[in-house]
Amino acid sequence: MLQAFVSAFRTPDLRGKLLFTLGIIAIFRLGSVVPTPGVDYTAIQRCITVVEGNSLYGIINLFSGGALLQLSVFALGIMPYITASIILQLLVVVIPRLEALKKEGQSGQAKITQYTRYLTIGLGILQSTAIIALARNPGQLFQGCNEQLLPDQSVSLIVTMVLTMTAGTGIIMWLGELITDRGVGNGMSLLIFTSIIATFPGQMATIYTVHGVLTLTFVLATGLFIIAAIVFVEQAQRRIPVQYAKRMIGRRTYGGTSTYIPLKVNMAGVIPVIFAASLLYVPQLIAQMSGNTNEGWGAWVIANFTKGEEPLYLITYALLLIFFTYFYVSITFNPVEVADNMKKYGGFVPGIRAGRPTAEYLDYVLTRITFPGSLYLTVIAIVPFVAFAFLGVGQNFAFGGVSVLIMVGVGLDTVKQIESQLQQRSYEGFLR
């Protein structure tokens, strides 16, 4: 990995792309600490200290790099875009018009991307309005902190804050697309990666201050082991061989080549972890917003779904992960569509008839490899809770299931893109 980056910086055009990407990331981080007009920044900092260690606020901060709780210009982070993208992916399966657009190729995908942008802005307006509505009342946005976060609550200022946060979402979306077009890697993924990495030094410093150097060493060792395991499994795939028959078109012969369909063990990526984690925070969020945390169902929710170390929480988490893994794979990989495309171009799996038998075979293989993939996601998501609860670091954990999967996945993808561009330029020293 280090060699790839060194080689890239020695190549003038790649060096320009890398510096452009780093510049965009710097702008993104700057906007994450600039407070929205009308916010009492000192009161915000005192409230953040009060709720430090609460798992609910930990997941809220995960994709914003601490920007959301500070009510900064980029407070919403990349989450509205992620939510919009997931919603569009789900709607493609159930709305024929969107499914037809997807099949139109690049032009249809451009339309779906445009719809995603519109939905992102709409979600940005809704989420910024909800956050500001909570911030207006002391103790609502930060449970247990009764500071006045918005000293001036005039209608004009509230509207300005909503527009500022929504505009911040639009700017983040634009910055991500700039990185994708002119930089290196997937822009949106790199911005998420940046948000997660931004919290890493603070978490490590807290562990060192509170628990000492020995615990910090164990945390880093455990984290490195988890990363190594993730890298190993993320590279694992089942390759389905595909043979293309020879075809005569005029005087030319086409086909006759062999290739394969790579089915990854973890076809779903990090999406099931995000779905499951978000869903598990809903009961806690409802209980805290209702104020019913000392008795009845609210007390039961706080007792069983707060720290992430409770047996009921872990069991529910595991079941949701397995369910969402199968669910997401089923909507993102269509064996019938793949089999039809293969048949259309004269492709077939050796020993399997083209058409329906191929689709059934692909579905059979996909179902078998999805099960260990779901177990892998479950282990990666749950083992850190148990291990770091044993070490006593609680929520001060930089290698959580969601964050570490994103960090490793984005890192591998970015390095592969750099290596690919280096190979296109015939960089002999790197190829050796």
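Residue indices follow the written sequence of each chain, beginning from 1 at its first position. For a predicted model such as this one, the threshold for reporting local features is a pLDDT of at least 70, and the threshold for listing and counting side-chain atom pairs is 80 or more; totals across whole chains, interfaces and linings nevertheless cover every residue. Excluding hydrogens and water, the side-chain values take into account all heavy atoms of the structure.

Enquirer: Any chance you could explain the overall build of the chain here in plain terms?
Expert: Where helices and strands are cited, they refer to DSSP runs of H or I of at least four residues and of E of at least two residues respectively, numbered from the N terminus. Secondary structure summary: the chain contains 18 helices and 5 strands in total. Accessible area is worked out with a 1.4 Å probe on protein chains only. A residue is then buried under 20% of its type maximum, exposed over 50%, and partly exposed in between. Counting over 432 residues, the chain shows a buried share of 43%. Any pair of residues with heavy atoms lying within 4.5 Å of one another is described as a contacting pair. In the chain, the share of contacts with a sequence separation of at least 24, taken over all contacts with a separation of at least 6, comes to 71%. Just so you have it, the chain exposes about 21800 Å², and 64% of that area is on carbon and sulfur atoms. Surface accessibility in these figures is a Shrake-Rupley result with a 1.4 Å probe; residues are shielded only by whichever protein chains are displayed.

Enquirer: Help me understand the pattern of salt bridges in this model?
Expert: Side chains carrying opposite charge are able to pair once their charged atoms draw close together. By definition here, a salt bridge exists when the distance from a side-chain nitrogen of Lys or Arg to a carboxyl oxygen of Asp or Glu is within 4 Å. Here the structure, examined in full by the defined rule, presents 3 salt bridges. Arginine 117 is the salt-bridge partner of glutamate 177, the closest N and O atoms lying 2.9 Å from each other. Within this pair, whereas glutamate 177 is found in helix H8 (residues 155-182), its partner arginine 117 is found in helix H7 (residues 106-136), the two being separated by 60 residues in sequence. Here arginine 356 and glutamate 360 are joined by a salt bridge, their closest N and O atoms 3.1 Å apart.

Enquirer: When you look at the nonpolar core in this model, what are you seeing that I'm missing?
Expert: Most often, soluble globular proteins keep nonpolar side chains buried together rather than apart. Ile78, Ile230, Val273, Tyr317 and Leu405 are the most contacted members of the largest nonpolar core, which totals 68 residues. Per-element tally for this core: the top contributor is helix H14 (residues 311-332), with 10 residues. Aside from chain neighbours lying at most four places away, what touches isoleucine 230 is Tyr376, Ile380, Val404, Leu405 and Val408. We define a nonpolar core as any set of buried Ala, Val, Leu, Ile, Met, Phe, Trp, Tyr and Cys residues linked to one another through side-chain atoms lying within 4.5 Å. Counting 21 residues, the second largest nonpolar core, distinct from the first, contains Ala43, Leu71, Leu149 and Met165.

Enquirer: When you look at the confidence of the model for the chain in this model, what are you seeing that I'm missing?
Expert: Where the model shows low pLDDT, its predicted coordinates should not be examined in detail. You can read pLDDT as the predictor saying how much it trusts each residue, on a scale of 0 to 100. With 83% of its residues at a pLDDT of at least 70, the chain reaches an overall mean of 80. For the chain, per-element mean pLDDT is lowest for helix H18 (residues 428-431), which scores 47, and highest for H8, which scores 90.

Enquirer: Sorry, what's going on with the sheet that holds strand E5 (residues 347-348) here?
Expert: Within a sheet, adjacent strands bond to each other through the backbone by hydrogen bonds, running parallel or antiparallel. Pairing is antiparallel across the open sheet formed by 3 strands, whose spatial order is E4-E1-E5. A strand with exactly one partner marks an edge of an open sheet, and here the two such strands are strand E4 (258-264) and E5. Both strand E1 (residues 237-244) and E5 contribute to a ladder of 2 bridges, which runs antiparallel. Looking at E5, one finds that tyrosine 244 is bridged to glycine 347. DSSP-based pairing: two strands are paired if at least 2 bridges between them are found.

Enquirer: For this particular structure, what's the right way to read the pairing of E1?
Expert: Along any regular strand the residues' side chains alternate between the sheet's two faces. Across 7 bridges, the pairing between E1 and E4 is antiparallel. When the sheet's bridge partners are listed, valine 242 is paired in E4 with threonine 259.

Enquirer: How do you make sense of the environment of isoleucine 418 when you look at a structure like this?
Expert: Relative to the helices and strands, isoleucine 418 is located in helix H17 (residues 401-424). Spatially, the C-alpha atom of isoleucine 418 lies 8.0 Å from that of glycine 185, the residues being 233 residues apart in sequence.

Enquirer: Please explain a nonpolar patch on the surface as it appears in this structure.
Expert: A patch consists of residues whose relative accessible area exceeds 30% and which take part in no salt bridge; residues with like charges are grouped when within 9 Å of each other, and nonpolar side chains (Val, Leu, Ile, Met, Phe, Trp, Tyr) when within 5 Å. On the surface, a nonpolar cluster with roughly 450 Å² of combined accessible area is contributed by Tyr208, Val213, Leu214 and Phe218. The biggest single contributor to the nonpolar patch is helix H11 (residues 213-234), with 3 residues. Among the secondary structure elements, phenylalanine 218 is positioned in helix H11.

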